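Given next are the chains, with one letter for each unit.
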Amino acid sequence: MSSLPRRAKVQVQGVVSKDEFSSVSELSSASEEDDKEDSSWEPQKKASRSRKQLVPKESKPKRMPRVKKNTPQISDDSEVVVKEELNSSVAAADTALEDRKNKLDTVETPKTAKTKQKCSAQPHSAQRTKKLKVDEETSKATNLEGESNSSETPSTSTICRGTCKKEENEDDFTFGQSPLKKMKTETCPQGQPVKFPANANNTKEEVEMNWDIVQVLSERTNVEPWVCANAIRLFNDDNTIPFIIRYRKELINNLDADSLREVQQTLEELRAVVKKVHNTIQKIKKEGKMSECLLKALLNCKTFEELEHVSAPYKTGSKGTKAQRARQLGLEGAARTLLEKPGELNLLSYIRPDVKGLSTLRDIETGVQHILADMIAKDKDTLDFIRNLCQNRHVSIQSSLAKVSSKKVNEKDVDKFLLYQHFSCNIRTIHHHQILAINRGENLKILTVKVDISDGVKNEFCRWCIQNRWRPRSFARPEVMKILHNSLDDSFKRLIYPLLCREFRAKLTSDAEKESVMMFGRNLRQLLLTSPVPGRTLMGVDPGYKHGCKLAIISPTSQILHTDVVYLHCGQGFREAEKIKRLLLNFNCSTVVIGNGTACRETEAYFADLIMKNYFAPLDVVYCIVSEAGASIYSVSPEASKEMPGLDPNLRSAVSIARRVQDPLAELVKIEPKHIGVGMYQHDVSQTLLKATLDSVVEECVSFVGVDINICSEVLLRHIAGLNANRAKNIIEWREKNGPFINREQLKKVKGLGPKSFQQCAGFIRINQDYIRTFCSQQTESSGQIQGVTVTSLAEVEVTNQKQGKKKSKTAVNVLLKPNPLDQTCIHPESYDIAMRFLSSIGGTLFEIGRPEIQQKIISFLEKEGIEKAAERLQTTVHTLQVIIDGLRQPESFDFRTDFDKPDFKRSIVCLEDLQVGTVLTGRVENATLFGIFVDIGVGKAGLIPIRNVTEAKLSKTKKRRSLGLGPGEKVEVQVLNIDISRSRITLDLIRVL
């Protein structure tokens, strides 16, 4: 395999005109016949065509196994980058596919070519259907080439001018290595898998909804349709958010991580609705209750509430609605006659004295009324009108104290909801935190909540129905019109009003939960990206009363030097001071880190008093307060037992507290994010959504900071984009068995790390070149031979003893590996070729990376030519070139967290009683919520800046910010507005962000 010629150059262009984007509304309203002819990006539409196309015998599915064995695989990732398509790029895609296949003929063997010729006998429509399947759903299963090939990720070598097109494929940049092997072709012949992978979305293949998922996604997220289409394709290809944000910016129009995460979560919600609609349709069909009208109503559903409204009467065990019972009595014809030919309606003819429900004229009128009410409540135009009407009228949500006995509810809990015992607010202006508070009170049986829709809305709705939508087609007698009026009143009161209430409550709750989770994510990001304090010996203190304060001294490399327990608050403070001083002097430690839990205030006062008396001389000791949220949970976890075996769990907490200052990110990733305690109403929101969001934020932070793969822990490694616990474990095992990684290409030899995983993680993994040179030098001096690795020089290592596994793609013999200076940067291997050409154009070398010389060369080059022209000449995008420039300019040990604030180190303490209204103080943000910002001003109790006092004018515009609002760790200047000592509440005003 290694003797194969280099890959043929491929040029594929998927051009989508701007007119296609401007005609979004036209595309969404196209007829079904046009939709069948056009290529829709939606998999379900394609799937429905594929079932029709594959029925004829000439498709010959039995030949597929023969193709499977002999046909080389074509990577779907090597095609056009995500097309900005909205049902309109089939022709370009098909032409591109044929062009690609023709150009790849030069690398096929005769036997493969023969097999391909046989397959070409299949109808073109069948091939096109397979192409669409692969293009939209299963490109992740068809990766052919190593991720270092620039053709596999065309966005890094593309000029972005409103459309996304692909440049000519360049040769691999492998530092003199032999060409990489192609993967086995048995998996996906011709890039078209025999069957979809297990995680393919079958729902989208089987159900074609009456709405366009791109349009709905765009409306709900307020993101352009073409960006949504690109995001869907990227997520379908198993791309992670960190990878997309850093290396595919041009495809998502520079969306930030939070916005892209919202798109992903909304997409998952819509797909969940589609899946549930499909299951409901299959269930109703199986019971034989499906009708054309019901099917249309189900396919119109966009939310779970709408689906519940339509499908409720057909649930198993339901005794049926009043309308269903009336239909069973044969009154549906009378209801339709009332609307279509009211003059011919004769209700007396339906009287059956011996049949219950038909015995009197009054019963018949009631039955017809129920059928009409049901028809009105399930009519799409009618529901759309009442929803639009409510948007333009006053609709309020009201809460009041529930009528429950005092025995069932704690009086303290009732007092907490004092603000909401007589509460009313417009649903368009109510705040998210108010919704969450009302919901919590309702769940605790303290509050009663209802949605109030004014009578004017009902009257206007009924008038519209009588005059427009449900107006009889000919003259109707007064008694007939009375039935219709009663039907409208009944429909609104019994069916439509409860539906609207559920929809409004569900929408408000969903928006509030999302905003709460997003706020939690923003706070977590800022906490994780707190600037580390390296190079210090630290003493961690876990405060306590009866059981003492736990101490742990850690070295600048986070090694545990000493642990102890001191009893500072049991009358032994003076005696214990001698022990603390001796420990600080022995280990030359001048920084104390105190956890903010029980006895924190007393412990802080103890150390502040000793520091003010200069007790620790000659050491200049300072201290800081750090959140210990989650430290106790972590101390008894299996991870802590594995990391610190034999150490008491209480002492592990002190170690964790100290390490949170030394390297916050590396320590906090060990703790489940929801236990870090920087959110709001975290127990009242969807736990699935909360976990997914927080895990994604952790992955984003760890990936953007990057990890040195030769020294990082397994816990940190598993949070890198594209990796998981098993892959991280395999990487650590490979490192322990084979020695340090020489370059990123060696990651491909790790078990379980396929091309897609490599693509996602490679750009976030660093290889320290000084470490590699030191390692190679030591091995050369000692033995020259290490565990199957022959060291040939300081810069070359030849792997000669690889593990022989079942997967041939993981086996490579005599592969020459060289340290690559680009591996220490954020530049992705797919862009190495472009980086080398850029270095050549500015006259730089690999060994100048991160040095002042190359920075000066880059500045001079960009001043003369400009980044746009440079990107065009290098046949890449501006975003990709910017990543390359940043990677070349950053020093080897660059850490962008150093731009942010460090913890506050103090020597004295202030009491709550010392505060006065009007006092100006500096503090640090402790937590951010939807209603205000909590600030630690050093008095033992955080003050609150109401959200109305946080204005854009007060936020720093020059300082580099991690989010649009204030978040944990930011330093602020505040003024005291109010002090309530009895309730320990401090109200602050934000002056400025420091």
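The protein appears in an unreviewed UniProt entry as S1 RNA-binding domain-containing protein 1 from Callithrix jacchus.

A.B. asks: I'm lost on the overall build of the protein in this one. Help?
C.D. replies: When helices and strands are counted, the protein shows 38 helices and 19 strands. For the protein, the proportion of contacts with a sequence separation of at least 24, taken over those separated by at least 6, is 72%. Carbon and sulfur atoms form 51% of the exposed surface of the protein, whose accessible area is close to 46,000 Å².

A.B. asks: What's the story with the environment of His485 in this structure? I'm lost.
C.D. replies: Mapped onto the elements of the fold, His485 is located in helix α23 (residues 478-528). In this structure, the C-alpha to C-alpha distance between His485 and Cys465, residues 20 residues apart in sequence, is 9.4 Å.

A.B. asks: What is the right way to read the UniProt feature "coiled-coil region" (unreviewed entry) in the protein from this model?
C.D. replies: Following the UniProt record, one finds the feature "coiled-coil region" (unreviewed entry) at residues 260-287. Between the end C-alpha atoms of residues 260-287 the distance is 41 Å, and the span holds 96% helix and 0% strand.

A.B. asks: Could you clarify how one ought to interpret the sheet that holds strand β1 (residues 395-401) in this entry?
C.D. replies: The strands that make up a sheet pair up through hydrogen bonds in the backbone, lying either parallel or antiparallel. Read across the sheet, three strands follow the order β2-β1-β3 without closing on themselves; strand pairing throughout is antiparallel. In this open sheet, the two strands that pair with only one neighbour each are β2 (422-426) and β3 (447-453). Averaged over all neighbouring strand pairs, the angle between strand axes comes to 20°, with direction disregarded. Relative to β2, β1 runs antiparallel, the two being bridged by five bridges.

A.B. asks: Is there a simple way to explain the packing of helix α19 (residues 380-391) against α23 in this structure?
C.D. replies: In a pair of packed helices, the angle between the axes and the distance between the axes together describe the arrangement. Between α19 and α23, the shortest axis-to-axis distance is 12 Å and the interhelical angle comes to 55°. On the basis of their axis angle, the class for α19 and α23 is oblique. In the crossing of α19 with α23, the sense of the turn from one axis to the other is right-handed. Seen from α19, the contacting residues are Leu383, Ile386, Arg387 and Cys390; seen from α23, they are Phe492, Ile496, Leu499, Leu500, Glu503 and Phe504. Its residues assigned to classes, the contact of α19 with α23 comprises eight nonpolar, no polar and two charged.

A.B. asks: Would you mind showing me how to read the packing of aromatic side chains here?
C.D. replies: Centre-to-centre distance and the angle between the planes together describe a pair of aromatic rings. For the coordinates displayed, the defined rule picks out eleven aromatic pairs. Relative to Phe741, the ring of Trp734 has its centre 4.6 Å away and its plane inclined at 25°; by these criteria the two rings are stacked. Side by side, Trp734 and Phe741 carry an identical accessibility label, which is buried. A network of ring pairs unites the aromatic residues Phe243, Tyr247, Phe704 and Phe764 as a single cluster. Geometry around Phe758 places Lys748 over its ring, the cationic atom sitting 4.8 Å from the centre.

A.B. asks: What's the story with the nonpolar core in this structure? I'm lost.
C.D. replies: Nonpolar side chains in soluble globular proteins generally cluster together in the buried interior. Ranked by internal contacts, the top residues of the largest apolar core, which has 109 residues, are Leu260, Val277 and Leu717. If one sorts the elements of this core by residue count, helix α13 (residues 257-286) sits on top with ten residues. Two domains each put at least three residues into this core: domain 1 (213-300) and domain 3 (533-671). Leu260 has contacts with Ala231, Phe235, Ile241, Ile244, Ile245, Ile252 and Leu255, leaving out every residue within four places of it along the chain. Judged by nonpolar contacts, the second largest core, of 85 residues, contains Leu484, Leu488, Leu915 and Val974.

A.B. asks: What is the right way to read the sheet that holds strand β6 (residues 560-566) from this model?
C.D. replies: Spatially, β6-β5-β4-β7-β8 is the arrangement adopted by the five strands of the open sheet, whose pairing is mixed. With one partner strand each, in any of the chains shown, β6 and β8 (622-626) form the two edges of the open sheet. Averaged over all adjacent pairs, the angle separating strand axes in this sheet is 20°, with direction ignored. Bridge count for strand β4 (residues 538-542) against strand β7 (residues 591-595) is four bridges, and the pairing is parallel. For Gly540, the partnering residue across the bridge sits in β7 and is Val593.

A.B. asks: Can you help me understand unusual backbone geometry in this one?
C.D. replies: Peptide bonds are mostly trans, and most non-glycine residues show a negative phi. Of the consecutive residues Ala617 and Pro618, the connecting peptide bond is found in the cis state with omega at 10°. Non-glycine residue Asn588 carries a positive phi angle of around 50°. When you line up the elements, Asn588 lands in the loop between α24 (573-586) and β7. Owing to a relative accessible area of 57%, Asn588 belongs among the exposed residues under this scheme. A positive phi angle is found at Ala599, which is not glycine, with a value near 70°. Positionally, Ala599 belongs in the loop between β7 and α25 (600-612). A residue is classified by how much of its surface remains accessible, and Ala599, at 5% relative accessible area, is buried.

A.B. asks: Mind showing me how you'd approach the pairing of β4 here?
C.D. replies: Burial runs high along β4: five of the five residues are buried. A two-sided burial pattern is seen for β4, the buried positions comprising Leu538, Gly540 and Asp542 on one face and Met539 and Val541 on the other. Bridging between β4 and strand β5 (residues 549-554) involves five bridges; their strand directions are antiparallel. Of the residues in β5, the one forming a bridge with Val541 is Leu551. Taking the residues that link successive antiparallel strands as the turn, the β4-β5 hairpin has six residues, and the phi of Gly548 there is positive, at about 85°.

A.B. asks: I'm lost on the packing of helix α11 (residues 225-236) against α13 in this one. Help?
C.D. replies: Running from amino to carboxyl end, α11 crosses α13 at an angle of 80°, the nearest separation of the two axes being 11 Å. Our classification of the angle between α11 and α13 gives roughly perpendicular. Side by side, α11 and α13 meet where Ala231, Ile232, Phe235 and Asn236 of the first sit next to Leu260, Val263, Gln264, Leu267 and Arg271 of the second. The residue makeup of the contact of α11 with α13, split by class, is six nonpolar, two polar and one charged.

A.B. asks: What am I meant to see in the confidence of the model for the protein here?
C.D. replies: When pLDDT drops low, the exact placement of atoms in the prediction is not to be read closely. Taken as a whole, the protein shows an average pLDDT of 75; of its residues, 72% reach a score of 70 or greater. The low-confidence segment residues 783-809 (pLDDT under 50) makes 61 contacts with residues lying over four places distant or belonging to another chain.

A.B. asks: Quick question: what am I supposed to make of the pattern of salt bridges here?
C.D. replies: Two side chains that carry opposite charge are able to pair once their charged atoms sit near each other. Applying the stated criterion across every chain yields a total of 42 salt bridges. In this structure, Asp258 engages Arg525 in a salt bridge whose closest nitrogen and oxygen atoms are separated by 2.7 Å. Placement of Asp258 in helix α13 and of Arg525 in helix α23 is noted, with a sequence separation of 267 residues between them. For Asp258, a relative accessible area of 13% gives the class buried.

A.B. asks: Got a minute to help me understand helix α35 (residues 832-842) in this structure?
C.D. replies: What sets the pattern is the α-helix's 3.6 residues per turn: residues three or four places apart point alike. Along α35, the positions that sit buried rather than exposed are Tyr832, Asp833, Ile834, Ala835, Phe838, Leu839 and Ile842. Where the residues of α35 are buried, they touch α36 (852-865) and α38 (878-889).

A.B. asks: Looking at this model, I keep getting lost on the side chain of Ser703. Mind explaining?
C.D. replies: In this structure, Ser703 sits in helix α30 (residues 687-705). On the accessibility criterion, Ser703 (0% relative accessible area) is buried. Those residues in contact with Ser703, other than ones at most four positions away along the chain, are Pro242, Arg246, His719, Ile720, Ala721 and Phe764.

A.B. asks: Just checking my understanding: could you explain helix α17 (residues 332-340) for this structure?
C.D. replies: Looking at α17, one finds that the buried residues are Ala334, Ala335, Leu338 and Leu339. What you see down the axis of α17 is that its buried residues fit within an arc of 135°, all on one side. Tucked inside the fold, the buried residues of α17 contact α18 (361-377) and α23.

A.B. asks: Quick question: what am I supposed to make of the environment of Gln916 here?
C.D. replies: Mapped onto the elements, Gln916 comes out in the loop between α38 and β15 (920-928). A residue is classified by how much of its surface remains accessible, and Gln916, at 55% relative accessible area, is exposed.

A.B. asks: I tried to follow the state of the cysteines on my own but got confused; where do I start?
C.D. replies: Throughout this description, disulfide means a covalent bond between two cysteine sulfur atoms. One pass over the full model with this rule turns up zero disulfides. Of all cysteine sulfurs in the structure, the one in Cys465 sits closest to Cys462, which takes part in no disulfide; the separation is 6.4 Å. Overall, Cys462 belongs to the buried group, its relative accessible area being 13%.

Calculation notes
- Numbering of residues begins from 1 in every chain and follows the order in which that chain's sequence is written.
- Note on the predicted model: pLDDT of at least 70 is required for a residue's local features to be given, and 80 or more for side-chain atom pairs to be given and counted; whole-chain, interface and lining totals, by contrast, use all residues.
- Note: side-chain values were computed over all heavy atoms of the structure, leaving out hydrogens and water.
- Helix and strand definitions follow DSSP, with helices as H or I runs of at least four residues and strands as E runs of at least two, each counted in order from the N terminus.
- Working rule for contacts: check all heavy atoms of both residues, and any pair within 4.5 Å makes them a contact.
- Each accessible area is a Shrake-Rupley result for a 1.4 Å probe, and residues are judged covered by the shown protein chains and nothing else.
- UniProt positions are given in the numbering used here, feature names are shortened, and annotations may be inferred rather than shown by experiment.
- Between any two strands, pairing holds if DSSP finds at least two bridges.
- Only C-alpha atoms enter the line fits that serve as axes; for helices the fit covers just the stretch in contact. Angles between N-to-C directions range over 0 to 180 degrees.
- In this scheme, roughly parallel covers angles under 35 degrees and roughly antiparallel covers those over 145, while 65 to 115 is roughly perpendicular and the rest are oblique.
- Note on convention: the crossing is left-handed when the near helix lies turned anticlockwise from the far helix by less than a right angle, right-handed when the turn is clockwise.
- Each residue is assigned to one class: nonpolar for Ala, Val, Leu, Ile, Met, Phe, Trp, Tyr, Cys and Pro, charged for Asp, Glu, Lys and Arg, and polar for all the others, Gly among them.
- Any two of the Phe, Tyr and Trp rings considered here, Trp counted by its six-membered ring, make a pair once their centres fall within 6.5 Å; the pair's planes then place it as stacked at under 30 degrees, edge-to-face at over 60, or tilted in between.
- Each residue's exposure class comes from its accessible area (1.4 Å probe, protein chains only) as a fraction of the maximum for that residue type: buried when under 20%, exposed when over 50%, partly exposed otherwise.
- Either the NZ atom of lysine or the CZ atom of arginine qualifies as a charge over a ring when it sits within 6 Å of the ring centre and within 35 degrees of the ring normal.
- By nonpolar core is meant a set of buried Ala, Val, Leu, Ile, Met, Phe, Trp, Tyr and Cys residues that side-chain atoms within 4.5 Å join together.
- Where each domain begins and ends is defined by an automated method or by a domain database.
- Every residue is assigned a pLDDT by the predictor, reflecting its confidence on a scale from 0 to 100.
- The term salt bridge refers to a side-chain nitrogen of Lys or Arg lying within 4 Å of a carboxyl oxygen of Asp or Glu.
- The directions from the helix axis to the C-beta atoms form the arc being described.
- The term disulfide is used for any two cysteine sulfur atoms that are within 2.5 Å.

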